[in-house]
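Structural overview for review
These are the residues of each chain, in order.
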Amino acid sequence: MGFIVKREVDLREDDASGEIKLSPRDNKKIEIWVDPLNVINRQRFTMAHELGHLVKDILPDFKNFHDPIIDTPKTLKRDGASNPKEYAANRFAARLLMPKFSIIKESRAIIDEYKENNNNNMISIIDFTSLMAERFVVSEIAMKIRLKTLKIIKG
C-alpha cells in the first residue's frame, strides 16, 4: 500500500502505542509507528487500528489530512465511547484480526474439541476466551469484546 511502518523505541511522555501521520521526508507517504515495547498481541492490534484510521479517516480525504493521529491509553478507551473515530478504528482492527466467519469456525472447533476431551462437559467462558485469544494472537480483552459483539458469549 506504500506506507512506511516504524517500530522504533520512542520514550514518549504521552505513553502512545501507535501513531499515523504524513512522513516528514515525503508528505505524500503515510508513516505508521507501533511501539515495539508492547507485547506482540498489542502491537498487532495497534497496527490494525492504525490501518483503520488510514482506511476510514485519511484515504477518503487525503488532501486535507495534516495532523498525526496519536493513540494513547487515554484515546484508546476499550469501548471507544469517548471518540467515534477511535471506536471505528477499533472496530476495523477487530474485524481485520478476528473475522466473524473465522471466529465462528474456531468457536465451534474449540467447543467440539473440549467436549470430546472432557466427557461432553462445557468449557468455561474464561477458558474459551483465553483459547480463542491465543489462536487469533490477540489479547483476551480484545477477544472478549469481539465475542460479546458477535453474541457468542454474554455479559
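In this text, all values refer to a predicted model and were calculated from it rather than measured experimentally.

Rules used in this analysis
Residues numbered from 1 in each chain as written. Predicted model: local features only at pLDDT ≥ 70, side-chain atom pairs only at ≥ 80, totals over all residues. Heavy atoms only, no water. Helix = DSSP H or I, 4+ residues; strand = E, 2+ residues; numbered from the N terminus. Expected span 1.5 Å × (residues − 1). Buried < 20%, exposed > 50% of the residue type's maximum accessible area, 1.4 Å probe, protein only. Arc of directions from axis to C-beta. Contact = heavy atoms within 4.5 Å. Pairing = 2+ DSSP bridges.

Turning our attention to helix H3 (residues 100-117). Given a rise of 1.5 Å per residue, 18 residues ought to cover 26 Å, and the 26 Å separating the end C-alpha atoms of H3 matches this to within 8%. What H3 keeps buried is the set Ile 103, Ser 107 and Ile 110. Buried residues of H3, seen end-on, are gathered within an arc of 70° and therefore sit on one face of the element. Away from its buried face by more than 90 degrees, H3 exposes Phe 101, Lys 105, Arg 108 and Glu 116.

Count 3.6 residues to each turn of an α-helix, and residues three or four apart come out pointing the same way. Taking 1.5 Å of rise per residue, the 12 residues of helix H4 (residues 125-136) would be expected to cover 16 Å, and the 16 Å separating its terminal C-alpha atoms lies within 8% of that figure. Those residues of H4 that sit buried are Phe 128, Thr 129, Met 132, Ala 133 and Phe 136. Across the axial projection of H4, the buried residues extend over an arc of 130°, all falling on one side. Exposed residues pointing more than 90 degrees away from the buried face of H4 are listed as Ile 126 and Glu 134. The secondary structure elements touched by the buried residues of H4 are helix H1 (40-58), helix H2 (84-97), H3 and helix H5 (140-149). Of the residues trailing H4, Val 137 is marked for its positive phi of about 55°.

Counted residue by residue, strand E2 (residues 18-22) has four buried out of five residues, so it is predominantly covered. Both E2 and strand E3 (residues 30-34) contribute to a ladder of five bridges, which runs antiparallel. When the sheet's bridge partners are listed, Glu 19 is paired in E3 with Trp 33. As paired strands, E2 and strand E4 (residues 69-71) are joined by three bridges and run antiparallel to one another. Residue pairing for E4: Glu 19 is matched across the bridge by Ile 70.

Right, let's get into unusual backbone geometry. In this model, Asn 119 sits at a positive phi of 50°, which is unusual for a non-glycine residue. As for its position among the elements, Asn 119 is in the loop between H3 and H4. Although it is not a glycine, Asn 120 adopts a positive phi angle of roughly 70°. Tracing the backbone shows Asn 120 in the loop between H3 and H4. For Asn 120, a relative accessible area of 58% translates into the label exposed.

Within the secondary structure layout, Lys 115 lies in helix H3. Residue classification places Lys 115 among the partly exposed residues on the basis of a relative accessible area of 29%. Expressed as a C-alpha distance, the spacing of Lys 115 and Pro 24, which sit 91 residues apart in the sequence, is 55 Å. Residues contacting Lys 115, with those up to four places away along its chain left out, are Asn 120, Asn 121 and Met 122.

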